[in-house]
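# Tertiary structure, described
For reference, the chains in residue letters:
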Amino acid sequence: MPSNTIQLRVYEFLKEHPPFSYCSIDLVKKLASLTQIRYYQPEEIIFQEGDSPATHFFMVKQGAVNLLQKNELVDRCGEGDVFGVRSLITQQNYALSAQPQEETLLYAIPVEQFRPALTDNPQVALFFAAGLAHQTTASATKDKLAFSADSAPGFTDPLAQPFPRTSFQQLLTCSANESLQYAAQQMSGWRVGSIVISSAQQHPIGIVTDTDLRDWVATGKVPLETPVSDVMSQPVVTAGQHQSVAEVLVRMMQHNVHHICITEDGTTDSPAVGMVTNHDLLLLQENNPAIIQREVHKAENIAALIDVRERAEMMVQQQIKQGVAIRTVASLITVINDTLIAKSVAWAEVALAEEGFSKPRACFCWLSLGSEGRGEQLLRTDQDSALVYEDPSGEMAVSTCAYYLELAKRVVNTLQECGFAPCPADMMASNPRWCMSLSDWKKQFGHWIQVPDTEALLHAAIFFDFRATAGEVTLANNLREFIFSQMETRSLFMHHMANNALLNPPPLSFFRKFMVEKGGEHKDSFDIKRRAMMPLIDAARVLAYEAQVLNTSNTQQRLEQVAATDASRATLYQEAVNAYNELMQLRAREGFRQHDSGRYIDPAALSHLEREMLRSIFGIIRDVQQVLRHHFQLDYFRR
């Protein structure tokens, strides 16, 4: 029997871990007094597949134990995990073998003394029933450890499939010199809503839809004899014949069109082969994001906008459950969020006009920052935004600033009503610090780059991921080009930014306690954003700016483009892309489960496979951070 001191230690450990945390204090104390403490060396046999049930089951006090079936890894148990319970429940021989992966200390708990808890305590019974089910299915799902796919085994992501050719509408074409009357007669005869104006090589050069006929001919603006080239829309929005349903859908939403012309290679420089409309997409799926986006466009009041945004969240949840690729889901909800922001801006402009505010001549651009700026906001999190406006003339500077500040406040309020909480640090366009002219923004970014102190690096992590979501995009492009031009001559800033990206190292190991929060509201939770996602976001930002990747602020796209320029590390960067994919998915699942942002996770609620996946991801993060350390010579830089 263990000494009193050891008994106390065993008791303190058992009562913190299920199933013992569900038991009475008296029972746990009794079990602690009867528990054997066993030490095992790596690969020593604890029990083997086919052995008769033992008199004890086990809890890992320290170390790690592999569970094997025919020498293949089925599961891995870490600190606080219970195994060898099959004999407790079924009285059958062991179905798995158990071997320590490293030096391991186990608590062996007597079965007979514990058995009453199994029959008297429903929580204990449920715990073991779930554990047994997990072990039964673990073998079938262990391939997911390689996190090579988002979807459940055997599930075919419907949005990832090529658009079926049978769903293409018949393609109606005519030459540019045909009349509108001829076009209307052809469309009526074919019973289609559009006609593509094509070149002699059948390349699409323009499109006329029934809406154009209504707007131009039915209103009498042009006669029936007018050539179609005078009213056609161009350039034609196209997609490739082998692109997926999701890619076609995202393209339709990005361009806010109802017709996509399918060409041989996806560009206007190849022959047209078909036409896809939003109606065709609607027929392919029940919960069409394009319909949700259209309803955002059509919303006439805040109640309607709130309602449709709630539906968008349900769409995200449904698609994740169906196994739709997380990047596809992120792309779709980003387009919907962008539309909602643009709608909020448009409402604010109308309201200001009705209240007598004079709109400045200087145009503006709404900048989304943070996760929305990167196109990665699956759930509604805090707002992060800024506003840049064209440099006003001297006498108009004050009134221009006042107008856009008032506009920003109204947009922020609308977004808040739609469920996007205000930023606790007030990093929003409604703050005068983040609502400035283009020249003032250039001064601000220039200062951050020239004086990379703690505040500058903090702001770099937020503001350098900006993306234009409403207004004049050229202002955002102008600002981004300025930033890159400044950074070309400021290598010290890049070193500081790289060094800053190492401030959140991943936990050393899952098995020796997760790196959990030490206090506050989220004490003992795992901060997946800070401990796992931010290290990859920060690293991708640094690598992208170093590689002059200008066209995206998305973490995965940044890593993919960096991989294309660095073949020696392409595999690592692709692993980082997949790892980030898994983290987004895990956070979204937790968010829906807890009805919050999903940022803080209870480690005890994770399955063995999720723990193993995270452990692998920690290794990838360490490797990526090691690349930063070597590339920017940060060990020398820190001296």
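Residues numbered from 1 in each chain as written. Predicted model: local features only at pLDDT ≥ 70, side-chain atom pairs only at ≥ 80, totals over all residues. Heavy atoms only, no water.

## Quick look at the overall build of the protein chain
The condition is simple: Here a helix means four or more residues in a row that DSSP labels H or I, a strand means two or more in a row labelled E, and each is numbered from the N terminus. Any residue under 20% of the maximum accessible area for its type is buried, any over 50% is exposed, and the rest in between are partly exposed; the area is computed with a 1.4 Å probe on protein chains only. For every accessible area listed, the method is Shrake-Rupley and the probe measures 1.4 Å; residues are considered covered only by the protein chains on display.
When you go through the protein chain residue by residue, the secondary structure sums to 23 helices and 19 strands. Counting across all 639 residues of the protein chain, residues that qualify as buried make up 52%. A total accessible area of about 29200 Å² is found for the protein chain, and carbon and sulfur atoms account for 50% of it.

## Details of the sheet that holds strand β8 (residues 173-174)
Under the convention used in this document: Two strands are said to pair when DSSP picks up at least two bridges between them. Whether two residues touch is decided by their heavy atoms; if any such pair falls within 4.5 Å, the residues are in contact. Comment: axis = line fitted to C-alpha atoms, over the contacting stretch for helices; angle = value between 0 and 180 degrees taken between N-to-C directions.
Taken in spatial order, the three strands make up an open sheet running β8-β9-β10, and their pairing is mixed. At either end of the open sheet lies a strand with only one pairing partner, and these are β8 and β10 (204-209). Bridge analysis of strand β9 (residues 194-198) against β10 gives five bridges, and the strand direction is antiparallel. Residue pairing across strands places Ile195 opposite Val208, the latter belonging to β10. Across the sheet, helix α6 (residues 180-190) touches β8, β9 and β10, and the angle it forms with β9 is around 130°.

## Observations concerning the nonpolar core
Defined as follows: Residues belong to one nonpolar core when they are buried, are Ala, Val, Leu, Ile, Met, Phe, Trp, Tyr or Cys, and are joined through side-chain atoms within 4.5 Å.
The biggest cluster of nonpolar side chains holds 130 residues, and the ones touching the most others in it are Trp366, Trp441, Phe445, Phe463, Phe464 and Ile483. Aside from chain neighbours lying at most four places away, what touches Trp441 is Ala386, Leu387, Val388, Arg433, Trp434, Cys435, Met436, Trp448, Phe463 and Leu479. If you look at the next biggest cluster of nonpolar residues, it comprises 21 residues, including Tyr11, Tyr107, Phe114 and Ala117.

## Considerations on the pairing of strand β7 (residues 104-110)
Most of β7 sits out of view: six of its seven residues are buried. Where strand β1 (residues 36-40) lies against β7, five bridges are found, and the strand directions are antiparallel. Within β7, the position partnered with Tyr40 by the bridge is Thr104. Bridge count between strand β2 (residues 56-62) and β7: six bridges; the pairing is antiparallel. Across the sheet, residue Val60 finds its bridge partner in β7, namely Leu106.

## Notes on the state of the cysteines
The following threshold applies: Criterion for a disulfide: a pair of cysteine sulfur atoms within 2.5 Å.
As enumerated under the stated definition, the model contains zero disulfides in all. Residue Cys435 stays outside any disulfide, its sulfur separated by 5.5 Å from that of Cys401, the closest cysteine.

## Focus on the pairing of β2
With five of seven residues buried, β2 is to be regarded as a mostly interior element. Here β2 runs beside strand β5 (residues 82-83); their pairing, made up of two bridges, is antiparallel. Within the sheet, the bridge partner assigned to Met59 lies in β5 and is Val82.

## Description of helix α20 (residues 555-565)
Let me state the cut-off plainly: To obtain the arc, one takes the directions from the helix axis to the C-beta atoms. We define a polar contact as two N or O atoms separated by no more than 3.5 Å, with the added condition that, inside protein, one atom must be a possible hydrogen donor and the other a possible acceptor, whereas residues neighbouring each other in sequence contribute only through side-chain atom pairs.
The set of residues buried in α20 consists of Thr555, Gln556, Arg558, Leu559, Val562 and Ala563. When α20 is viewed along its axis, its buried side chains cluster within an angular range of 160° and face the same direction. When the buried face of α20 is taken as reference, the exposed residues oriented beyond 90 degrees from it are Ala564 and Thr565. Those residues of α20 that are buried are in contact with α12 (326-354), α19 (528-546) and α21 (570-594). Structurally, the start of α20 carries an N-cap: the backbone nitrogen of Gln556 is 3.1 Å from a side-chain oxygen of Asn554.

## Observations concerning the side chain of Glu590
Relative to the assigned elements, Glu590 resides in helix α21. The exposure class assigned to Glu590 is buried, which follows from its relative accessible area of 6%. In this structure the side chain of Glu590 is engaged in a polar contact, spanning 2.7 Å, whose partner is the side chain of Arg593. Other than its neighbours up to four places away in sequence, Glu590 contacts Asp596, Gly598 and Ile601.

## Focus: the packing of aromatic side chains
Just so we agree on the cut-off: Ring pairs are drawn from Phe, Tyr and Trp, using the six-membered ring of Trp, whenever the two centres fall within 6.5 Å, and their geometry is named by plane angle: stacked under 30 degrees, edge-to-face over 60, tilted for the rest.
Evaluation of the coordinates by the stated rule reveals 24 aromatic pairs. Seen in terms of ring centroids, Phe47 and Phe83 are 6.0 Å apart; in terms of plane orientation they differ by 35°. Their pairing is tilted. Taken together, the residues span a long stretch of sequence, with Phe47 in the loop between β1 and β2 and Phe83 in strand β5 at a distance of 36 residues. Pair check on accessibility: Phe47 and Phe83 agree, each one buried. Their ring planes at 45° and their centres at 4.5 Å tell us that Trp434 and Phe463 sit as a pair that is tilted. Placement of the pair is Trp434 in the loop between α14 (397-417) and β16 (435-437) and Phe463 in helix α16 (residues 454-463), with a sequence separation of 29 residues. A single burial state applies to Trp434 and to Phe463, both of which are buried.

## As for the confidence of the model for the protein chain
Put simply, the rule is: As a per-residue measure, pLDDT tells how confident the predictor is, with possible values from 0 to 100.
Averaged over all residues, the pLDDT of the protein chain equals 83, while 87% of them reach at least 70. This stretch, residues 132-156, has a pLDDT under 50; its non-local contacts, to residues over four places away or in other chains, come to 45 contacts.

## What about the packing of helix α2 (residues 25-34) against helix α4 (residues 111-120)?
What counts here: For classification purposes, angles smaller than 35 degrees are called roughly parallel, those larger than 145 roughly antiparallel, those between 65 and 115 roughly perpendicular, and all remaining angles oblique. Two helices that cross are described as forming a left-handed crossing if the nearer one is turned anticlockwise from the farther one by less than a right angle, and a right-handed crossing if clockwise. Any residue that is not Ala, Val, Leu, Ile, Met, Phe, Trp, Tyr, Cys, Pro, Asp, Glu, Lys or Arg is counted as polar, Gly included; the first ten are nonpolar and the last four charged.
With their axes 10 Å apart at the nearest point, α2 and α4 run at an angle of 160° to one another. Judged by the angle between their axes, α2 and α4 are roughly antiparallel. Both α2 and α4 take part in a crossing whose hand is left-handed. Every residue of α4 that contacts α2 at Leu27, Lys30, Leu31 and Leu34 is listed here: Gln113, Phe114 and Ala117. Among the residues making up the contact of α2 with α4, the classes are represented as five nonpolar, one polar and one charged.

## What about the sheet that holds strand β11 (residues 238-240)?
Across a sheet, strands are paired by hydrogen bonds formed along the backbone, either parallel or antiparallel in direction. In space, the three strands of this open sheet follow the order β11-β12-β13, with mixed pairing throughout. With one partner strand each, in any of the chains shown, β11 and β13 (272-277) form the two edges of the open sheet. Mean inter-strand twist for the sheet, computed between neighbouring axes without regard to direction, equals 35°. The sheet contact formed by strand β12 (residues 259-263) and β13 spans five bridges and is antiparallel. Note on β13: the bridge partner recorded for His259 is Thr277. Against the sheet, helix α8 (residues 245-255) makes contact with β11, β12 and β13, and its axis sits at roughly 135° relative to β12, the strand it touches most.

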